[in-house]
Amino acid sequence: MDKTFGLIGVGGFVAPRHLQAIKHNYGKLICAIDKHDSVGILDSYFPNADFFTESERFERYLDKLKRNNKPLDFISICSPNYLHDTHIRLALRNGSCAICEKPIVLNPWNLDALIQAQEESGYKIYTILQLRLHPSIIALKERVKAQLNKEPHKIFDIDLSYITARGKWYFHSWKGDESKSGGVATNIGIHFFDMLLWIFGACKESIIHIRNERSVSGLLILEHAKVRWFLSIDETLLPDECKAQGKRVYRSLTLENEEFSFSDGFNDLHTKSYKEILCGNGFECTESKAAIELVYHIRHIKPIGVKGDYHPLNAGLC
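Just so you know, these numbers come straight off a predicted model, no measurement behind them.

(A) Seen up close, empty space enclosed by the protein. Under the defined criterion, the tally for this structure stands at two cavities of 30 Å³ or more. Approximately 50 Å³ is the volume attributed to the largest cavity. Considering the residues around the largest cavity, the lining is formed by K102, P103, I104, T127, L129, I190, D194, S288, A291 and I292. Contributions of two or more residues to the lining of the largest cavity are made by α9 (190-200) and α12 (289-300). Grouping the constituent residues of the lining of the largest cavity by class yields six nonpolar, two polar and two charged. Volume-wise, the second largest cavity comes out at about 30 Å³. Taken together, T127, I128, L133, S273, E276, I277, G282 and F283 make up the lining of the second largest cavity. With three residues, the top contributor of residues to the lining of the second largest cavity is helix α11 (residues 269-278). Its residues assigned to classes, the lining of the second largest cavity shows four nonpolar, three polar and one charged.

Shown next as structure tokens:
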């Protein structure tokens, strides 16, 4: 489609998915920035892209493009969570639409301000909500919709478990700092919460059972679901079968006591996300509002402890 891109945070964990998405959608990466210079991955995708390690020089470069009537079509943002707001504004200010990794912001009021900035600038802010494009998730949504057509007041019973082991490095990075990442619920859970809200409706009540630097769990009462959920980065909590197979990620969702599998099919979801954006069907920043409000609430509400209707994995933390 011959669209031009910039990328902020090209040295980060998720950046390769964005590089692949740009390339597979026939875009051209013009420039990229990261404070670290270990970005040899650019050679595999866009070796001729201009690269910066200093924000001042990068901003001057973008300003020059704009003044020469050649602003980038899009700026993709893969920087740490707490910087997303600033980098989205940088894109808008320089005449580009923004494509931002989740969570788009940490606080609801930051999103309100960005929505206003989008309206004032005339440029779009898109966010990556890739689970909404997962074939199995789409099928689940259709299944739930069909059931609700028959039983409009049905409340589905759901257990969600997600453990993705992280090493010691995690707590030396921005991800281990709640003020920068939003903590476990935001950093690894935001896309699951968006998925649940998208399928089962608005949140009516949220209870937190445990919350610490490694794990968080609670109970969600949604319009059409009761969800017991558990999120963790603690590898000791991985099921024995995962440990035996050397796996460091465990995903499980049970719907009405039936296991729902969606462990596969993640490899090209960013590419699909970019395709939708380039076709004018991307998820705009307003789509993130419900999930951002929920994780903010989860981060600030007082846990009640392991009592009541709690997720079974909490038993291992007692």
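(B) Main features of the nonpolar core. Ranked by size, the top nonpolar core spans 64 residues in total, and within it I88, I104, F193, F200, V227 and W229 carry the most contacts. Of the residues forming this core, the biggest block, eight residues, is contributed by α9. There are two domains that each give this core at least three residues, and those are domain 1 (4-127) and domain 2 (132-316). If near-sequence neighbours (up to four positions away) are discounted, I104 is found in contact with H84, D85, I88, L111, I125, T127, C285, S288 and I292. Ranked by size, the runner-up nonpolar core spans 24 residues in total, among them A15, I22, A32 and F46.

(C) Local environment of the pairing of strand β1 (residues 4-8). Extensive coverage of β1 is indicated by the burial of four of its five residues. Here five bridges tie β1 to strand β2 (residues 28-33), and the two strands are oriented parallel to one another. Along β2, the bridge assignment pairs F5 with L29. Handedness of the crossover is the feature at issue here: the chain leaves β1, passes through helix α1 (residues 15-24), returns alongside β2, and the resulting connection is right-handed. Summarising the sheet, β1 and strand β4 (residues 74-77) pair through four bridges and their orientation is parallel. In the sheet register, F5 faces β4, and the bridge partner there is F74.

(D) Local environment of α9. In terms of burial, α9 is a largely internal element, ten of the eleven residues being buried. Within α9, the full set of buried residues consists of I190, H191, F192, F193, D194, M195, L196, L197, I199 and F200. Looking at the residues trailing α9, positive phi occurs at G201, about 95°.

About the cut-offs
The written sequence of each chain sets the order in which its residues are numbered from 1. For this predicted model, a pLDDT threshold of at least 70 governs which residues receive local features, and a threshold of 80 or more governs which side-chain atom pairs are given and counted, while totals over whole chains, interfaces and linings are taken from all residues. Here the side-chain values reflect all heavy atoms present in the structure, with hydrogen atoms and water set aside. In this analysis a 1.4 Å probe is tested at points of a 1 Å grid over the protein atoms alone, and where it fits but cannot get out there is a cavity; an open set with protein on both sides within 12 Å along at least five of seven lines is a pocket; lining residues have an atom within 4 Å of a point. Grid points are joined across faces, edges and corners, and a volume is the space filled by probe spheres set on the points. Strands are runs of DSSP state E lasting at least 2 residues, helices are runs of H or I lasting at least 4, and numbering of each runs from the N terminus. Residues were grouped as follows: Ala, Val, Leu, Ile, Met, Phe, Trp, Tyr, Cys and Pro as nonpolar; Asp, Glu, Lys and Arg as charged; and all remaining residues, including Gly, as polar. Side-chain atoms within 4.5 Å are what join buried Ala, Val, Leu, Ile, Met, Phe, Trp, Tyr and Cys residues into a set we call a nonpolar core. Residue exposure (1.4 Å probe, protein chains only): buried if accessible area is under 20% of the type maximum, exposed if over 50%, otherwise partly exposed. In this entry, domain limits derive from an automatic or database-based domain assignment. Residue contacts follow a heavy-atom distance rule, with two residues in contact if any of their heavy atoms lie within 4.5 Å. A pair of strands is considered paired only if DSSP assigns at least 2 bridges between the two. The path from the first strand over the helix to the second decides the hand: if it runs clockwise while the strands point away from the viewer, the crossover is right-handed.

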